[in-house]
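Residue-level structural notes
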Amino acid sequence: MRVHWLIPAALLSVACQPPDKQPASGQPSMVASSTAVATPAPATATKVATVEGFLTPESVLYDSTQDIYFVSNINGSPTAKDGNGFISRLRPDGAVENLKFIEGGHNGVTLNAPKGLALAGDTLWVADIDAVRAFDAKTGAPLDTISLAALGAVFLNDIAIAQTGALYITDTGIKFDDVGNVLHPGPDRIFRIGPDRRVTEAARGDTLGRPNGIALDPVGKRFIVVEFGGKSVLAWKPMDKAPAVIAKGAGGFDGVVVAGGKIYVSSWTDSTVATYETGQEVKLITGVPSPADIGYDGKRNRLLIPIFTGNRVEIWQL
């Protein structure tokens, strides 16, 4: 694997500056380029890097304490308990610090098909089919596994952490047959794991629309949930009987982040990342096929997009 930097001509007309730090040889390759979308004019984003060499990357999460990006790699089928999933550490300059920082089958780690990621202090939480696993974010050491199999968990997908420390995990309720067709045995659910590790069912029903991404909106004192099987962006509070539709879009939604008063959502249906403010959809980034569970780098104001079927992560400057 190799690293390439391409400086857009528009930037050269302003200044010529080297990247923060050149990655070492033998790491996944990175290509910087520029693509801007402005509809309307205030919404813009520029792709600054592409990092290749991952294996079915599903989620990217920024750790502000360590200034590092975690990338979950399914490495195969999203529903196979094959023990070969892993978590990568990616630096903001695009260098892969450790491709298999946490690796199934090594150092006492069980990891099958890791998807959504969340941080609570130095603990990295990972959704893994029908279990949620905890690791030391600094060392990668396994800390805990909470099985939801007894509750019938089917496809645990994303994780959000409430201000109380409770975990909220979406269950999209889908499976894949032997030839790759998506089945939906259901049910659609959101699980809660309390600080005492007690697992309960927090929400259930078709109104969740095969829930995928979930993010805490601390200002609105609610969760934002996006539908993989529908076209709605939902607002939900733990005591609600049903979520409220706050916006509509292309659907096939995967990741969601709430930052700077905006809701960012990735869509497989039209290969975009869009923003939602006051219910209005604005296409921010286009041409990103299979954009999975996006992350946000608050220090640099960047969106981090795992390209699920392309085995790469794209970094976009806002």
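One structure accompanies this document, and this report is about it. Per-chain numbering applies: the sequence of each chain, read as written, is numbered from 1 onward. Reporting of local features is limited, given that this is a predicted model, to residues whose pLDDT is at least 70; pairs of side-chain atoms are given and counted only at 80 or more, and all residues count toward the totals for whole chains, interfaces and linings. Where side-chain values are given, they derive from all heavy atoms of the structure, hydrogens and water being excluded.

**Considering the side chain of Arg-133**
A run of DSSP states H or I qualifies as a helix once it reaches four residues; a run of E qualifies as a strand once it reaches two. Both are numbered from the N-terminal end. Secondary-structure assignment places Arg-133 in strand 8 (residues 131-136). N or O atoms within 3.5 Å of each other form a polar contact, as long as, within protein, one can give a hydrogen and the other can take it, and as long as residues adjacent in sequence are counted only when both atoms are side-chain atoms. Only 2.8 Å separates the side chain of Arg-133 from the side chain of Asp-128, close enough to count as a polar contact. Discounting chain neighbours no more than four positions away, the residues touching Arg-133 are Thr-110, Leu-111, Asn-112, Leu-124, Trp-125, Val-126, Asp-128, Asp-144 and Thr-145. Residues are treated as being in contact if the distance between any of their heavy atoms lies within 4.5 Å.

**Some remarks on the environment of Phe-308**
Its location among the elements puts Phe-308 in the loop between strand 25 (302-307) and strand 26 (312-317). Between the C-alpha atom of Phe-308 and that of Ser-59, which follows or precedes it by 249 residues, the distance is 8.8 Å. Dropping the residues within four chain positions of it, Phe-308 is found in contact with Thr-56, Pro-57, Glu-58, Ile-74, Pro-78, Trp-268, Ser-290 and Ala-292.

**Quick word on the packing of aromatic side chains**
Stacked, edge-to-face and tilted labels apply to pairs of Phe, Tyr and Trp rings (six-membered ring for Trp) whose centres lie within 6.5 Å, assigned for plane angles under 30 degrees, over 60, and everything in between, in that order. If you walk through the whole model with that rule in mind, you get nine aromatic pairs. When the NZ atom of lysine or the CZ atom of arginine is within 6 Å of a ring's centre and also within 35 degrees of its normal, the charge is said to sit over that ring. Seen from the ring of Phe-101, Arg-89 lies directly overhead, with NZ or CZ sitting 5.0 Å from the centre. The cationic tip of Lys-115 hangs over the ring face of Phe-155; the distance from NZ or CZ to the ring centre is 4.6 Å.

**A few points about the environment of Ala-292**
Mapped onto the elements of the fold, Ala-292 is located in the loop between strand 23 (280-286) and strand 24 (295-297). Taking the C-alpha atoms as reference, Ala-292 lies 5.5 Å from Pro-306; in sequence the two are 14 residues apart. Excluding residues that lie within four positions of it along the chain, Ala-292 makes contacts with Pro-57, Glu-58, Asp-254, Gly-255, Ser-266, Trp-268, Pro-306 and Phe-308.

**A short note on the pattern of salt bridges**
Any carboxyl oxygen of Asp or Glu that lies within 4 Å of a side-chain nitrogen of Lys or Arg is treated as forming a salt bridge with it. Under the defined criterion, the tally for this structure stands at 17 salt bridges. Here Glu-97 and Arg-89 are joined by a salt bridge, their closest N and O atoms 2.6 Å apart. The salt bridge involving Arg-133 is made with Asp-128; its shortest N-O contact spans 2.8 Å. Taking relative accessible area as the criterion, Arg-133 reaches 8% and is therefore assigned buried. Whether a residue is buried, partly exposed or exposed follows from its accessible area with a 1.4 Å probe, protein chains only, as a fraction of its type maximum: under 20%, in between, or over 50%, in that order. A relative accessible area of 0% means that Asp-128 is categorised as buried. What emerges from the salt-bridge pattern is a single network uniting Asp-67, Asp-297, Lys-299 and Arg-300.

**Some thoughts on the sheet that holds strand 5 (residues 96-103)**
Spatially, the four strands line up as an open sheet ordered 2-3-4-5, and their pairing is antiparallel. Because the sheet does not close on itself, it has two edges, and the strands there are strand 2 (57-63) and strand 5. Mean inter-strand twist for the sheet, computed between neighbouring axes without regard to direction, equals 25°. Sheet topology places strand 3 (residues 68-73) next to strand 4 (residues 86-90); five bridges connect them, and they run antiparallel. Paired with Phe-70 across the two strands is Arg-89, which belongs to strand 4. Strand pairing is defined by DSSP finding a minimum of two bridges between the two strands. Helix axes are fitted to C-alpha atoms over the stretch in contact, other axes to C-alpha atoms as well, and angles between N-to-C directions run from 0 to 180 degrees.

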